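Here's the letter readout for the chains.
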Amino acid sequence: MHGTMHAKFAILVTDAFQHRGLGTQLVQKLLDIAKREKIDRVLADILPDNVEMQHICRKLGFTLEQNKETKLVQASIET
């Protein structure tokens, strides 16, 4: 995010490649890069019905909280 040491991400894994660990690997790689680049916090907005990405984020240490206004699930982690 411009002017901060925070970064926001979005990932889309096509249906043909889901449930193979690719999302987990992509987010883990993103976190590795964020640490190397001295990013303080990584954030994502997740659709409420995307339980797979919520599970991945929880597994990797993100804190999840639903935004009451937008209904999106906000994931964040300090790196």
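Scroll up for the structure.
Residues numbered from 1 in each chain as written. Predicted model: local features only at pLDDT ≥ 70, side-chain atom pairs only at ≥ 80, totals over all residues. Heavy atoms only, no water.

K.L.:
Whenever I open this one, the side chain of threonine 24 confuses me. Can you help?
P.N.:
Residue position: threonine 24 is located in helix H1 (residues 22-36). Those residues in contact with threonine 24 that lie beyond four places of it in its chain are Ile56, Lys59 and Leu60. (Helix = DSSP H or I, 4+ residues; strand = E, 2+ residues; numbered from the N terminus. Contact = heavy atoms within 4.5 Å.)

K.L.:
How should I be thinking about helix H2 (residues 51-59) in this particular structure?
P.N.:
Three or four residues apart is the spacing at which side chains of an α-helix point the same way, because the helix has 3.6 residues per turn. Three or more residues of H2 are buried, namely Met53, Gln54, Ile56 and Cys57. One side of H2 holds all its buried residues, which, seen down the axis, span an arc of 160 degrees. In H2, the exposed positions that point more than 90 degrees away from the buried face belong to Val51 and Arg58. (Buried < 20%, exposed > 50% of the residue type's maximum accessible area, 1.4 Å probe, protein only. Arc of directions from axis to C-beta.)

K.L.:
Quick question: what am I supposed to make of unusual backbone geometry here?
P.N.:
Generally, phi is negative for residues other than glycine and the peptide bonds are trans, each holding for most cases. A positive phi angle is found at histidine 19, which is not glycine, with a value near 65 degrees. Relative to the helices and strands, histidine 19 is located in the loop between strand S1 (6-8) and H1. Judged by its relative accessible area of 68%, histidine 19 falls in the exposed class. Phi at lysine 38 is positive, roughly 65 degrees, even though this residue is not glycine. Positionally, lysine 38 belongs in the loop between H1 and strand S2 (41-46). Judged by its relative accessible area of 61%, lysine 38 is exposed.

K.L.:
Explanation requested: the sheet that holds strand S4 (residues 73-78) in the structure shown.
P.N.:
Working definition: the strands of a sheet are paired by backbone hydrogen bonds and lie parallel or antiparallel to each other. Here we have four strands laid out as an open sheet, ordered S1-S2-S4-S3, and mixed in their pairing. Looking along the sheet, the strands with just one partner apiece sit at the ends: S1 and strand S3 (63-66). With strand direction ignored, the average angle separating the axes of adjacent strands in the sheet is 20 degrees. Note that S3 and S4 share four bridges and pair antiparallel. (Pairing = 2+ DSSP bridges. Axes fitted to C-alpha atoms, helices over the stretch in contact; angles between N-to-C directions.)

K.L.:
What is the right way to look at the environment of alanine 7 in this model?
P.N.:
On the secondary structure map, alanine 7 appears in strand S1. Distance in space between the C-alpha atoms of alanine 7 and alanine 34 is 7.9 Å, their sequence separation being 27 residues.

K.L.:
Quick question: what am I supposed to make of the packing of H1 against H2 here?
P.N.:
A pair of packed helices is captured by two measures, namely the crossing angle of their axes and the spacing between those axes. Orientation of H1 relative to H2, taken along the N-to-C sense of each, is 45 degrees, at an axis distance of 10 Å. By the angle between their axes, H1 is oblique relative to H2. For the pair H1 and H2, the crossing hand works out as right-handed. Counted together, Gly23, Thr24 and Val27 of H1 and Met53, Ile56 and Lys59 of H2 form the full contact between these two elements. Residue composition of the contact of H1 with H2, grouped by class: three nonpolar, two polar and one charged. (Parallel < 35°, antiparallel > 145°, perpendicular 65-115°, else oblique. Left-handed = near helix turned anticlockwise from the far one by under 90°. Nonpolar A, V, L, I, M, F, W, Y, C, P; charged D, E, K, R; others polar.)

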